Amino acid sequence: MKKKVFLAIVSLLLASMSLSACGTQQTPPNEQTDQTKQNEQLMQNESFEQTEEIEQTEQPGQIVLYNFEQFEPDFQLMRLQNEFGAVNVNLDMNYVKSGKTSAKLQPIGGYASKSDPYFYLQTFSTRFGYDHSDFTKIESFSAWIYNAQEDARTVDLGVIGEIVNTTTCTRFLCHCYELQSGWNHVTVQLDHSELDLLLDISNVRGIYFGFANAGTRFVEEAPVYYIDDVSLHTLKTPFEKREYQFEEGEIANFEWAYQADIMRYKNTKPTSMPEASVVQAAEEEMSAPKGERILKVVTRGDEVVDRWPGVCIPQPVMKASGFTKIPAEQRGEYVFRFDVYSTVPLKLWATMYAQSEAQKKIEFTPTVGEWTTVEIPFGEVDEDIFESPAEWMISWADYNDAEEKVFYLDNFRYERLS
């Protein structure tokens, strides 16, 4: 395909208000880099309006999503997060994989917060007339990244499930790559079955690239990378999404075949990884609150107490269950409920999350040796959880003994108060 290349450079650090709104840490005026000064000069040059045509051919099954040959949309739609640092247009052909330009990255991250910087690239744009967000049709995505350091560095690659606002989005890590010095071709093969349980795979909002915190406030001290030719690669046969089935008011009762593997783990480490599995209640010598199957959770302790591990009902299940369709004026008439059975004394927490930072968290201690019903009134739940629900997590405190602790969960639901 043919693409237009703007000969002038545009400084994202100073000129892009949309990127600044996404948490970009800007270079102080008296500490501008030579690249930034060059960009300012070129913006004032008459050649800024000039364009020329470059021939570039996509391979069969390839969609070149961002090639960084144009300010709009390639640079304009980069979303920088966690005080990212600096992004500039690069003209040095030593760091261009194809065409005439690439993006120069100098990731920093939060100096006080120690947050790791990342940026994401949108898979859709109404303004620019493209939409590649349906990842049931995408097999993988790839990019060329140049590591300008002499030693190896790492980059996280993943997908964006939902963009809440300019500073908040939901990320799902797909792979962590080790970048050798020089050019690296990184490719992420998508695990569609896993992603289908984490987000709406037919509406993936972007792909992201994450870097380690640089431990500095200054762009001049940040590591340097270059990125070019970010591409999507299509499937010959689209992936078929799961079809969720529910009884009235059900969120998860573990009776359906698809529920055998829906639960996900959160805040876990290899040494404290729990095990969650759907079992027959009769095999555990008990009765289920409803039906015949229940979820068995086996926790494991760790020598270091620093996390709150848990098991989660994932966002696609929560969203499809139907509680979000209850009219706002009727929510005061409803309540969330679930049942828990513990074999040992154990304090647990139930947390309902929204795609934003909103959450509803309660603490409870189930009665040992019998089923306990736990409830959360709709009226105590933040509106964001109804508008854009995320996962529902049952968590426990890490503990430093090696003893396994067992509890059971069943019949997550919403009911009208009688």
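In this text, all values refer to a predicted model and were calculated from it rather than measured experimentally.

### Section: the overall build of the chain
Phase 1 of the analysis: Along the backbone of the chain there are seven helices and 26 strands.
Phase 2 of the analysis: Sequence separation of 24 or more characterises 79% of the internal contacts of the chain that already satisfy a separation of 6 or more.
Phase 3 of the analysis: When the accessible surface of the chain is totalled, it reaches about 19300 Å², and 45% of it is carbon and sulfur.

### Some thoughts on the packing of aromatic side chains
How two aromatic rings sit relative to each other is given by the distance of their centres and the angle of their planes.
Phase 1 of the analysis: Using the criterion set out here, one finds 31 aromatic pairs in the structure.
Phase 2 of the analysis: Between tyrosine 146 and tryptophan 183, the ring centres sit 5.3 Å apart and the planes meet at 80 degrees, which makes this aromatic pair edge-to-face. With tyrosine 146 in strand β10 (residues 138-147) and tryptophan 183 in strand β13 (residues 182-189), the pair connects residues that are 37 residues apart, well separated along the chain.
Phase 3 of the analysis: Residue tyrosine 146 is classed as buried on the basis of its relative accessible area, which comes to 18%.
Phase 4 of the analysis: Ring centres 6.5 Å apart and planes at 40 degrees place the aromatic pair phenylalanine 378 and tyrosine 414 in the tilted group. Highlighted residues: phenylalanine 378 in the loop between β24 (371-377) and α7 (383-387) and tyrosine 414 in strand β26 (residues 405-416), separated in sequence by 36 residues. The pair formed by phenylalanine 378 and tyrosine 414 is uniform in burial state, with each residue classed as buried.
Phase 5 of the analysis: In textbook terms, an aromatic cluster arises when at least three aromatic residues are bridged by ring pairs, as seen for Phe254, Phe323, Tyr334, Phe336, Phe338, Phe364, Phe378, Phe386, Trp392, Phe412 and Tyr414.

### Considerations on unusual backbone geometry
Phase 1 of the analysis: Each neighbour pair has its own omega, and for glutamate 72 with proline 73 the value is 5 degrees, a cis peptide bond.
Phase 2 of the analysis: By the element assignment, proline 73 lies in helix α4 (residues 71-75).
Phase 3 of the analysis: Residues other than glycine seldom take positive phi values, yet glutamate 83 does so here, at roughly 50 degrees.
Phase 4 of the analysis: Its location among the elements puts glutamate 83 in the loop between β4 (78-81) and β5 (85-90).
Phase 5 of the analysis: Classification of glutamate 83 as partly exposed rests on a relative accessible area of 33%.
Phase 6 of the analysis: Residue aspartate 229 is not a glycine yet carries a positive backbone phi of 50 degrees.
Phase 7 of the analysis: Tracing the sequence through the fold places aspartate 229 in strand β15 (residues 225-234).

### Remarks on the pattern of salt bridges
Phase 1 of the analysis: A complete count under the given rule lists 17 salt bridges for this structure.
Phase 2 of the analysis: In this structure, glutamate 415 and arginine 413 form a salt bridge, with 3.1 Å as the shortest nitrogen-oxygen distance.

### As for the pairing of strand β14 (residues 206-210)
Phase 1 of the analysis: Where burial is concerned, most of β14 is hidden: five out of the five residues are buried.
Phase 2 of the analysis: Of the two faces of β14, the one carrying Gly206, Tyr208 and Gly210 and the one carrying Ile207 and Phe209 are both buried.
Phase 3 of the analysis: Here strand β7 (residues 118-122) runs beside β14; their pairing, made up of five bridges, is antiparallel. Counterpart to tyrosine 120 in the pairing with β14 is tyrosine 208.

### Concerning the environment of glutamine 280
Phase 1 of the analysis: Note that glutamine 280 resides in strand β18 (residues 275-280).
Phase 2 of the analysis: Classification of glutamine 280 as partly exposed rests on a relative accessible area of 26%.
Phase 3 of the analysis: It is 8.8 Å that separates the C-alpha atoms of glutamine 280 and leucine 295, two residues lying 15 residues apart in sequence.
Phase 4 of the analysis: If we ignore the near neighbours within four places in the chain, the residues touching glutamine 280 are Glu292 and Arg293.

### Describing the sheet that holds strand β12 (residues 169-179)
Phase 1 of the analysis: Pairing in this open sheet of five strands is antiparallel, and the strands run β4-β7-β14-β11-β12 from one edge to the other. The outermost strands of the open sheet, each flanked by one partner alone, are β4 and β12. The sheet shows a mean angle of 25 degrees between the axes of neighbouring strands, direction not considered.
Phase 2 of the analysis: The sheet contact formed by strand β11 (residues 153-163) and β12 spans 10 bridges and is antiparallel. Its bridge partner lying in β12, leucine 157 is registered against histidine 175.

### Some remarks on the nonpolar core
Phase 1 of the analysis: The biggest cluster of nonpolar side chains holds 42 residues, and the ones touching the most others in it are Leu105, Phe119, Phe209 and Ile227.
Phase 2 of the analysis: Residue contacts for phenylalanine 209: discarding those within four places in its chain leaves Pro117, Tyr118, Phe119, Leu121, Ala143, Ile145, Val155, Asp156, Leu157, Ile227 and Val230.

### Examining the sheet that holds strand β20 (residues 310-313)
Phase 1 of the analysis: The strand order across the open sheet built from five strands is β17-β20-β25-β22-β23, with neighbouring strands paired in antiparallel fashion. This sheet does not close on itself; its edge strands, each paired only once, are β17 (264-266) and β23 (359-364). In this sheet, adjacent strand axes meet at a mean angle of 25 degrees when their direction is disregarded.
Phase 2 of the analysis: Here six bridges tie strand β22 (residues 348-354) to β23, and the two strands are oriented antiparallel to one another.

### Comments concerning the environment of glycine 291
Phase 1 of the analysis: Structurally, the position occupied by glycine 291 is in the loop between β18 and β19 (293-299).
Phase 2 of the analysis: Here the alpha-carbon distance between glycine 291 and alanine 281, two residues 10 residues apart in the chain, equals 8.9 Å.

### Examining the environment of lysine 97
Phase 1 of the analysis: Along the chain, the position of lysine 97 falls in the loop between β5 and β6 (102-107).
Phase 2 of the analysis: On the accessibility criterion, lysine 97 (35% relative accessible area) is partly exposed.
Phase 3 of the analysis: Through-space distance from the C-alpha of lysine 97 to that of isoleucine 227 is 8.5 Å; in sequence the pair is 130 residues apart.
Phase 4 of the analysis: When sequence neighbours within four positions are dropped, the list of residues in contact with lysine 97 reads Trp144, Trp183, Asp228 and Asp229.

Conventions and cut-offs
Residues numbered from 1 in each chain as written. Predicted model: local features only at pLDDT ≥ 70, side-chain atom pairs only at ≥ 80, totals over all residues. Heavy atoms only, no water. Helix = DSSP H or I, 4+ residues; strand = E, 2+ residues; numbered from the N terminus. Contact = heavy atoms within 4.5 Å. Areas by Shrake-Rupley, 256 points an atom, 1.4 Å probe, with all protein chains shown as cover. Phe/Tyr/Trp six-rings, centres within 6.5 Å; stacked < 30°, edge-to-face > 60°. Buried < 20%, exposed > 50% of the residue type's maximum accessible area, 1.4 Å probe, protein only. Salt bridge = Lys/Arg side-chain N within 4 Å of Asp/Glu carboxyl O. Pairing = 2+ DSSP bridges. Axes fitted to C-alpha atoms, helices over the stretch in contact; angles between N-to-C directions. Core = buried A, V, L, I, M, F, W, Y, C linked by side-chain atoms within 4.5 Å.

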